Amino acid sequence: MIVKKLQDSIGAEVIGLDMRHTNDIKTRKLLNDAVVEHIALVIRNQKFTPEEYLEATKVFGEPMPQHFTQYALPDCPLVHEVSNRHMDKSNNRVKHGSGWHTDHTNHVRPPKFTSLYAVSLPTSGGDTAVINMRAAYQSLPKEIKLEISDMKTVNVFMGSAATLKSGQSSEAQVERKPVPVLQPLVRTHPDNGSKSLYFHPLKTENIVGMSPLESQQLLDDLLSRSIKDEYIYRHKWQMGDWLIWDNRASMHHAYFDYKPEEFRLLYRVLTQGELPF
């Protein structure tokens, strides 16, 4: 097994490992440490059934339920499809992962890791990008760090002032009427004590003490300061790739730069996290 760093700020790959037959304590620690250190980790050349994939993800912790159960595999419901053929109730194509975000911030204990496994890929395009929000926070001016240090976001399915809209999130907001969940805007990593910017622009209703519009303006500013090429790992998918990232120190988004008639299908599993602080 070889762990190879892909970029200075973010990203590493693992080769020479078959995760169907590997679950020893030493390997578990190495892989978990690698995700925390490099934020995004790709394990190459895997060949999973859905059940094998779910079992393999347990090397990173306990899988957790996901939001939209209509995408769950019937015989393996903790594994969800991420497909470009999904349609919402208005018959619009669902663009899974559009816009920078971190997953499920409206959960009290949001996922620490997200895993994606390539099942079917377009001939080109359809990359997934992950950004190092630890480095983004570190690069902020001291006065901004001081200003945002104790701020809390109020998280729902769909923020009323969110600039990027999602049909299925809007439907869930109306139908489920979720209890808002508070999260720190600056999150401390439980494994190494580092601090990162932590928010989901679409799921933020507001920052405590600010209006929804003021909150989105601040989040937009923080995001624009964060998006730097040196902080971004853009994963170009290959069949057999298993990509894992640390939601506690990153944001991610998908690219839709491929022919819509081509089939893109990934399997997603979320790993249960801890209470953010």
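Check the entry above for the structure.
Residue indices begin from 1 for each chain and proceed along its sequence in written order. Since the coordinates come from a predicted model, pLDDT governs what is reported: local features require at least 70, and pairs of side-chain atoms require 80 or more to be given and counted, while whole-chain, interface and lining totals use all residues. The side-chain numbers reported here are obtained from all heavy atoms of the structure, hydrogens and water having been left aside.

J.: Help me understand the sheet that holds strand 14 (residues 232-235), please; the structure alone is not making it clear to me.
T.: Strands in a sheet are paired, the pairing made by backbone hydrogen bonds, and the direction either parallel or antiparallel. When DSSP finds two or more bridges between two strands, those strands count as paired. A helix here means a DSSP run of H or I that spans at least four residues, while a strand means a run of E at least two residues long, and both kinds are numbered starting from the N terminus. The strand order across the open sheet built from three strands is 14-8-16, with neighbouring strands paired in antiparallel fashion. One side of each edge strand has no neighbouring strand; the edge strands of this open sheet are strand 14 and strand 16 (250-254). Adjacent strand axes in the sheet meet at a mean angle of 15 degrees when their direction is disregarded. Of the pairings in the sheet, the one linking strand 8 (residues 128-132) to strand 16 comprises five bridges and is antiparallel in character. Helix axes use the C-alpha atoms of the stretch in contact, all axes being lines fitted to C-alpha atoms, and the angles between their N-to-C directions lie in the range 0 to 180 degrees.

J.: Help me out: how do you make sense of helix 2 (residues 50-57) in this one?
T.: What sets the pattern is the α-helix's 3.6 residues per turn: residues three or four places apart point alike. Think of it in three bands: with a 1.4 Å probe and only protein chains considered, a residue is buried below 20% of the maximum accessible area for its type, exposed above 50%, and partly exposed in between. Along helix 2, the residues classified as buried are Pro50, Tyr53, Leu54, Ala56 and Thr57. Around the axis of helix 2, the buried residues are gathered within 160 degrees of arc, so they sit on the same side. Contact criterion: two residues are considered in contact whenever any of their non-hydrogen atoms come within 4.5 Å of each other. Where helix 2 is buried, its residues contact strand 4 (63-64), strand 5 (72-73), strand 6 (76-83), strand 7 (113-120), strand 15 (242-246) and strand 17 (265-271). Starting at the helix axis, one direction is taken to each C-beta atom, and the arc is that of these directions.

J.: It is not clear to me how the pattern of salt bridges should be interpreted in this structure. Could you clarify?
T.: Close approach of charged atoms allows side chains with opposite charge to pair. Between Lys or Arg on one side and Asp or Glu on the other, a salt bridge is scored when a side-chain nitrogen of the former is within 4 Å of a carboxyl oxygen of the latter. In the structure shown here, the tally under the stated rule is 14 salt bridges. Note that Arg268 and Asp103 form a salt bridge whose closest N and O atoms lie 3.8 Å from each other. Here Arg268, found in strand 17, pairs with Asp103, found in the loop between strand 6 and strand 7; they are 165 residues apart in sequence, far enough to count as distant. Assigned by exposure class, Arg268 and Asp103 land together as buried. Across the pair Arg234 and Asp127 runs a salt bridge whose closest N-O atoms are separated by 2.7 Å. With a gap of 107 residues between them, Arg234 in strand 14 and Asp127 in the loop between strand 7 and strand 8 connect regions that are remote in the sequence. A single network of salt bridges, built from pairs that share partners, joins Arg187, Asp191, Asp246, Arg248 and Glu274.

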